[in-house]
Amino acid sequence: MRVRKELWFGFALMAVILVTVLVLTPWSNLFDGHMSKEDLGVLGLLMLALIVVAIMIGFPTAFTLMGMGVFFTWLAYNSVNPDLAVRQTLDVFVLRTYWVMSNDVLIAIPLFLFMGYLVERAQLIDRLFHSLHLATARVPGSLAVATIVTCAIFATATGIIGAVVTLMGLLALPAMLKAGYDVKFAAGAITAGGCLGILIPPSVLLIVYGAVAGVSVVQLYAGAFLPGFMLAGLYIGYIILFAKWKPHLMPPLAESERLVPLPPLSQRLAQQNRNAVAGLWRALTGPGSAGVAKRTVLGQFIVALLPALIIVAILGVTYLVTTAPEKVASTAGLVQTGGLTAAPLLEEEGKEPTGLIGAPEAEQEDSGVKEPPAEGVKEVAPPAAAEAAKPEVVEKPAAAEPERLPTPTWFWIVCGVAIALYAVRYRRFDWQRLEIFKRLLTSFFPLAILILGVLGSIVVGLATPAEAAAIGAFGGLVLAAAYRFIAHWQATGLNRRSPGAMIWRTTKELGTIVKESMFLTAKTSAMVCWLFVGSGIFATAFALLGGQAIVERWVLSLDMTPVQFMILAQFIIFILGWPLEWTEIIIIFMPIFIPLLPHFHIDPLFFGLLVALNLQTAFLSPPVAMAAFYLKGVSPPHVTLNQIFAGMMPFMGIQLLALVLLYVFPQIGLWLPSVFYK
Amino acid sequence: MQKLLLLVDKISTWVGQAFSICIVILTLHVSWEVFSRYALDNPRAWAFDFMIMMYGTLFMMAGAYTLAKNSHVRGDVLYGFFRPRTQAALDLTLYIIAFLPGVIALTYAGYYYAAESWAIRESSNITAGGPPYYPFKTVIPVAGAFLLLQGIVEIIRCIICLKQGEWPSREADVQEVDVDKLKEMVHVKDEDIQKLDALITSRRPGK
């Protein structure tokens, strides 16, 4: 019976709107072309009301907008010159359509969608979740923390909230329930984490907003980066505090579940030395101890040192960049190694040779995952002169300027901190950690590198968002191919089958993956872009009728302060987020808000960040929270929707907190863009 | 009748799926272009025009396909609560007062827009000596026509539903969130979820 009541409420609301429309419509002079300006303006607002009713009824929004837009545009032109009205209406309609078709911002949408569908089908989420779960095992509430991190990474790469929530409902919910977690809390963590994807760039929402508001997508991405991670950080902080406070709701994992089975090599070496790095180093230099192949040991050793090598590479690049006009051939590589050898630890000694040989190694590792040229280009110089034996000679060809800038102090501080951190880290680096790190290496890092590569090349300016998206899609393809190949490889065993059959089967599966992703991309981008086509003509009608002017005059007459306006706007968007999807909110309603921003001296970039953060709540707020329904679809029957909603509430509270934080400290969002695009 | 409806569905689907290859071409084209620009130092002037064309064609031609699979975004506040007859009546009304005028206007206007472009053999206004644009502009009326065809089928569906009280069937298609496929992907079976349920019910009395 509750459903019926809601229905009647909806109908009553619609009836009220429709009656108002009927009463207020200037019928007498609607068609004979004698309408005053006020009449037209009123008509514009009535059109808006009609659209709201039509959307609530549930007809495909794109076509509602199109039909109404065409009709009201014709009305507006008709009131000026009836002879030309039809011609003008058609012209403006087709021009708006063509604007969508040839929009250089919107190109990125299908490409990012394609990337997302491919990454989703690479089927790496269970590896990702399990390795992250092991990696965070010591943190309180580790499973929930791992859930949030997995969601953040995976949702960011794919952007498909429904799929992420469903997958995590299948993976993380059983794991959390078995570990004795509270049902509500587990549901909240999954749903909240799954929605992070629309905020953390590269998100489609920000592209759509950029196209609507005329804000640079590049700046939006740079701006949304920190708020996105701030929100994820707040979630994690909340979970950890809560787990400390009420451990019975989130019991820590049993010791037995934290252990990772060690491969035979590690087991043998572990008996000799508890520290992995030291053990490997001894096995490498020692006289063929334990009877293991040195090549395998060397491989493990390099893997174990990979983070240090990457840090060295990053610091090296930073050093080169900050002291740009280069003359003195001192390099960070040398500096780093020197600093490390000074440390008295046994394992650090092992770093000296690898530190030097290993730097190119790290670069290979990076580009192996097919990342956009962000790294590649920066590091083209060193390999170009690779015949040189030592790194300090390598940079010489690039040097042309006589003076080198003095090294800033903060660089040395960062260096020192890095060395200290790694000294501590390697001191406690046992075999378990090596194993966990190897697992992360095959799940977490490829995705992270893909995302960072795409974002980095956009933000640094190597590629437009569309180009970076295309390379991301290509990277997704490579990722899918690689993971499917590994899966087949493991399934058939190493030597049992000929590689030909395996490659053939991988190719066939990859074909299906590409085909499915392709079709889904076509459908979803058609959905978004046809909405743009419809809203184009609708917005034209609204502007022609003068509805926009009336709204502006009305809002200005309220005489609000910028803060009041901002709160009102966000509140309206929050309310709209209940019944509508974010695509509709941004494409249809943003054009009404955006022209008001200059009156209140609000940066559209900042407003966009607030909106993106705000719309997170749209997925969690009860009446039509998509995330909750997706989770309900795959959870055990005794998990009720009410439990899921109750679990989401605290996370919604955190979202509001994040919104307030961002509003009070706009620098969280505006700092990065201001650094990059002065 | 049902056969005819499904045939039109199939045509729309086929066209949409055929043009969805554009996304693969677009991906490969742009990836190569970026590689060529930075690594080979050999950018091509028409690359951007080609990007635009692939993107525009992709989504325009998929319009009818999306409609055939009922995937255009709807405001699903009340719609889901309605009985099929009510849904059909509302849809039918809006198809006639909003969809038909809108799409007919688009097709008609697009036809003249493309015809003018053909008449002057228009080429790119972005690149000097760029590729011809009239085939790209022809996409508007063609996509509009397919959409109109599919829209008429949808109107017939509404009428059938009004008569029978239930929606005529559609052919299945790849879904964005296909729960069964996702279950298979992470190796979760329905039994596992059932077992989990026992865990919850057993825990409750203890609390």
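These numbers were taken from a predicted model, which means no experiment stands behind them.

S.K.: So what's going on with the side chain of Thr57 of chain B? Residues and values would help.
M.R.: Residues and elements named next belong to chain B. Structurally, Thr57 is set in helix H3 (residues 47-68). Overall, Thr57 belongs to the buried group, its relative accessible area being 10%. Not counting chain neighbours up to four residues away, the residues in contact with Thr57 comprise Phe19, Cys22, Phe136 and Val139.

S.K.: Account for unusual backbone geometry, naming residues and giving values.
M.R.: Look at the link from Pro201 of chain A to Pro202 of chain A: it is a cis peptide, with omega at 0 degrees. Positioned with a positive phi, Arg121 of chain B is a non-glycine residue whose angle comes to about 50 degrees. Counting through the fold element by element, Arg121 of chain B comes out in the loop between helix H4 (84-119) and helix H5 (134-164). Under the relative-accessibility criterion, Arg121 of chain B is labelled exposed at 52%.

S.K.: Before we move on, could you go through the interface of chain A and chain B and cite the residues and values that matter?
M.R.: If you look at the interface, chain A gives 95 residues, while chain B gives 82 residues. Summed over both partners, the interface of chain A with chain B comes to about 7,900 Å²; 76% of that surface belongs to carbon and sulfur atoms. On the chain A side of the contact with chain B, Met101, Lys523 and Trp530 of chain A bury the most area, a combined 10% of that side's loss. Our enumeration of links across chain A and chain B arrives at one salt bridge. Across the pair Glu467 of chain A and Arg37 of chain B runs a salt bridge, and its minimum N-O distance is 2.4 Å. At the surface where chain A touches chain B, the tally comes to five residue pairs in polar contact (both at pLDDT 80 or more). Here the side of chain A that touches chain B is composed, by residue class, of 62 nonpolar, 19 polar and 14 charged.

S.K.: Outline the environment of Ser117 of chain B, supporting the account with residue identities and numerical values.
M.R.: Residue and element names in this part refer to chain B. Looking at the secondary structure, you find Ser117 in helix H4. The exposure class of Ser117 is buried, given its relative accessible area of 2%. Taking the C-alpha atoms as reference points, Ser117 and Gly102, separated by 15 residues in sequence, lie 22 Å from one another. If near-sequence neighbours (up to four positions away) are discounted, Ser117 is found in contact with Glu122, Tyr133, Tyr134 and Lys137.

S.K.: Lay out the side chain of Thr13 of chain B with the relevant residues and their values.
M.R.: Secondary-structure assignment places Thr13 of chain B in helix H1 (residues 2-19). The class for Thr13 of chain B is buried, based on a relative accessible area of 11%.

S.K.: Any details on the confidence of the model for chain A? Residues and values, ideally.
M.R.: Overall, the predicted model of chain A reaches an average pLDDT of 76, with 76% of residues at or above 70. Under a pLDDT of 50 for its full length, residues 326-401 of chain A has, in the predicted model, 101 contacts with residues more than four places off or in other chains.

S.K.: Any details on the packing of aromatic side chains? Residues and values, ideally.
M.R.: Inspection of the entire model under this criterion finds 30 aromatic pairs over all chains. Between Phe185 of chain A and Phe242 of chain A the ring centres are 5.0 Å apart and the planes differ by 15 degrees, which places this aromatic pair in the stacked class. Linking Phe185 of chain A in helix H9 (residues 183-194) with Phe242 of chain A in helix H11 (residues 217-245), this pair joins segments that are 57 residues apart in sequence. Like Phe242 of chain A, Phe185 of chain A is buried. Ring pairs connect the aromatic residues Phe185, Tyr235, Tyr238, Phe242, Trp245 and Phe651 of chain A, which therefore count as one cluster. If you follow Arg87 of chain A out to its NZ or CZ, it ends over the ring of Tyr112 of chain B, 5.8 Å from the centre. The residue whose ring lies beneath Lys246 of chain A is Trp245 of chain A, and the NZ or CZ to ring-centre distance is 4.6 Å.

S.K.: Give a description of the nonpolar core that names residues and reports values.
M.R.: If you look at the biggest cluster of nonpolar residues, it comprises 257 residues, and the most contacted ones within it are Phe112, Leu447, Trp530, Phe607 and Leu615 of chain A. Per-element accounting of this core gives the leading share, 20 residues, to helix H25 (residues 499-545) of chain A. Two domains each donate at least three residues to this core, and these are domain 1 (2-175) and domain 2 (177-207) of chain B. Apart from the residues within four sequence positions on either side, Trp530 of chain A is in contact with Ala62, Met66 and Ser525 of chain A together with Phe59, Met60, Gly63, His72, Leu106 and Leu147 of chain B. Grouped together as the second largest cluster of nonpolar side chains are 14 residues, Leu262, Leu280, Phe429 and Leu434 of chain A included.

Procedures and definitions
- Residues numbered from 1 in each chain as written.
- Chains lettered and ligands numbered in written order.
- Predicted model: local features only at pLDDT ≥ 70, side-chain atom pairs only at ≥ 80, totals over all residues.
- Heavy atoms only, no water.
- Helix = DSSP H or I, 4+ residues; strand = E, 2+ residues; numbered from the N terminus.
- Buried < 20%, exposed > 50% of the residue type's maximum accessible area, 1.4 Å probe, protein only.
- Contact = heavy atoms within 4.5 Å.
- Buried area = accessible area lost by both parts, 1.4 Å probe.
- Salt bridge = Lys/Arg side-chain N within 4 Å of Asp/Glu carboxyl O.
- Polar contact = N/O pair within 3.5 Å; in protein donor to acceptor, adjacent residues only side chain to side chain.
- Nonpolar A, V, L, I, M, F, W, Y, C, P; charged D, E, K, R; others polar.
- pLDDT = per-residue confidence, 0-100.
- Phe/Tyr/Trp six-rings, centres within 6.5 Å; stacked < 30°, edge-to-face > 60°.
- Lys NZ or Arg CZ within 6 Å of the ring centre and 35° of its normal.
- Core = buried A, V, L, I, M, F, W, Y, C linked by side-chain atoms within 4.5 Å.
- Domains from an automatic or database assignment.

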